[in-house]
Amino acid sequence: MMKDKTAPRFIGSEIYRNSSYGRLHPLAIPRVSTCMDLCRALGWLPDEVYVDSPRATPAQLARFHQPDYIAAVKQAEQTQHCSDEVKQRYALGMNGNPVFPEIFSRPATACGASIAAADWVLNDIPVHSPAGGTHHGRRGHASGFCYFNDPVLGILSLLDRGAASVFYLDIDAHHGDGVQDAFHDDERVFTLSIHEANRWPMNRNDAATGPGSLVDRASGHARNIPVPEGFNDSEFAFLMEAAVLPLIERVAPEVIVLQCGADALHEDPLSRLSLSNLSLWNTVANMKLVTRKLLVLGGGGYNPWCVARAWSGVWATLNGLDVPDYLPAQARAILSSLTWRHSWGRNPPEHWIDRLADRPRYGAVRAEIRSAAQTVLS
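Residues numbered from 1 in each chain as written. Predicted model: local features only at pLDDT ≥ 70, side-chain atom pairs only at ≥ 80, totals over all residues. Heavy atoms only, no water.

Caption draft 1: Representation of the nonpolar core within the structure. In terms of nonpolar packing, the biggest core is built from 73 residues, with Ile 225, Phe 231 and Met 287 touching the most fellow members. If you tally residues by element for this core, the top one is helix H11 (residues 304–319), at ten residues. Beyond its immediate stretch of four places on either side in the chain, Phe 231 contacts Ile 194, Phe 236, Leu 239, Leu 273, Ser 274, Leu 275, Arg 366 and Ile 369. Listed in part, the 48 residues of the second largest apolar core include Ala 76, Phe 100, Ala 118 and Leu 122. (Core = buried A, V, L, I, M, F, W, Y, C linked by side-chain atoms within 4.5 Å. Buried < 20%, exposed > 50% of the residue type's maximum accessible area, 1.4 Å probe, protein only. Helix = DSSP H or I, 4+ residues; strand = E, 2+ residues; numbered from the N terminus. Contact = heavy atoms within 4.5 Å.)

Caption draft 2: Quick peek at the side chain of Glu 235. You can see Glu 235 is positioned in helix H9 (residues 233–251). Once residues lying within four places of it in the same chain are set aside, the contact partners of Glu 235 are Gly 230, Ala 364, Val 365, Arg 366 and Ile 369.

Caption draft 3: Highlighting the pairing of strand E8 (residues 294–297). Here E8 shows no split at all, with Leu 294 and Val 296 on one side and Leu 295 and Leu 297 on the other all buried. As paired strands, strand E3 (residues 127–129) and E8 are joined by three bridges and run parallel to one another. Opposite His 128, over in E8, you have Val 296 as the bridge partner. One ladder, built from four bridges, connects strand E7 (residues 255–259) with E8; its direction is parallel. Within E8, the position partnered with Gln 259 by the bridge is Leu 297. (Pairing = 2+ DSSP bridges.)

Caption draft 4: Summary view of the side chain of Ser 143. Relative to the helices and strands, Ser 143 resides in the loop between E3 and helix H6 (150–160). Take Ser 143: its relative accessible area is 11%, and that puts it in the buried class.

Caption draft 5: Up close: the environment of Ala 173. Within the secondary structure layout, Ala 173 lies in the loop between strand E4 (166–170) and helix H7 (177–182). Those residues within four positions of Ala 173 in sequence are excluded, and the remaining contacts are His 195, Glu 196, Arg 199, Asp 263, Ala 264, Ser 271 and Leu 273.

So, in structure tokens, the structure goes:
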């Protein structure tokens with residue numbers, strides 16, 4: 001990996017180490033910094049493949065976002081305050097989108113990574129940017145903890161640099177609504193979201209027809225698979241083989257962008273899905289078989305141990321590295337040092353500390369999952 005000029009790149013930044021949405025916010029936890037530290041402790045992140053993320057400029061952000069909204073976020077960082085009018089107009093300082101010291105610079109850094117990734121990806125160099133995946137961000141307002149939409153900006157960067165077609169696969173527990181709607185009328189981008197049914201942002205089609213419903217937009221350039229509570233590794237593997245890979249083969253995209261949120265894992269507090277991190281890693285492995293033009297982003301994830309272990313394994317999978325059965329002392333020390341205000345964080349189980357891989361969470365493949373696979377290909 002160290003001497004191969006075509007080795008995958010990891011884009012990170014130290015801005016995430018001391019930045020927090022606030023003590024009581026779900027994103028008060030360390031995520032990207034712990035992933036970086038784990039990968040370094042395991043010898044997986046030499047300087048040759050690590051890229052310090054650039055920060056997107058207001059002009060770059062304006063490729064998708066409204067200039068007045070960008071200015072409002074920037075002003076909120078400078079003053080640490082929003083008027084009532086600004087709050088209501090841009091959803092800043094409300095609805096889970098707090099004003100915090102890096103309210104502009106942190107999401108702009110994540111966007112800078114996704115924009116910059118295009119040059120590597122189009123040269124057959126896969127990229128992992130765990131800070132990315134802010135898929136709820138809207139053109140003119142914040143939404144769902146997301147101030148700017150880095151997947152949209154990353155995809156636009158790929159298209160601007162000549163990519164003919166992009167397949168966006170979103171496996172976050174929450175629907176990738178911001179990305180789907182951004183490319184509503186662009187036939188070059190196909191979006192597929194696998195997410196928990198009847199969970200925020202509560203897609204109205206999900207609520208109307210239940211798990212397995214199909215949402216078509218842009219003349220068929222979007223598909224959704226809302227899945228039921230308890231969605232397990234066996235069901236995920238079934239969907240991958242029966243729906244996701246056949247759909248990718250049918251679309252035949254030049255580039256794949258994978259939003260790899262970790263909040264669908266069994267031990268995440270903000271969903272009722274039951275995946276192990278092996279499902280995330282297997283998704284990355286499958287995408288690698290399809291193309292080397294691959295951008296892997298982060299996303300949701302609100303258990304600090306689960307997120308760091310999952311995304312570290314994503315990086316290992318992207319590089320074809322072996323995950324040890326038990327972590328060495330330096331890696332265990334990193335995980336042992338984590339704290340979490342949630343009740344689950346008071347006495348973390350041993351496997352959160354000494355192992356990277358979860359135990360598989362196999363189970364029956366329910367009828368609605370089989371139906372969803374048929375529906376999404378219809």
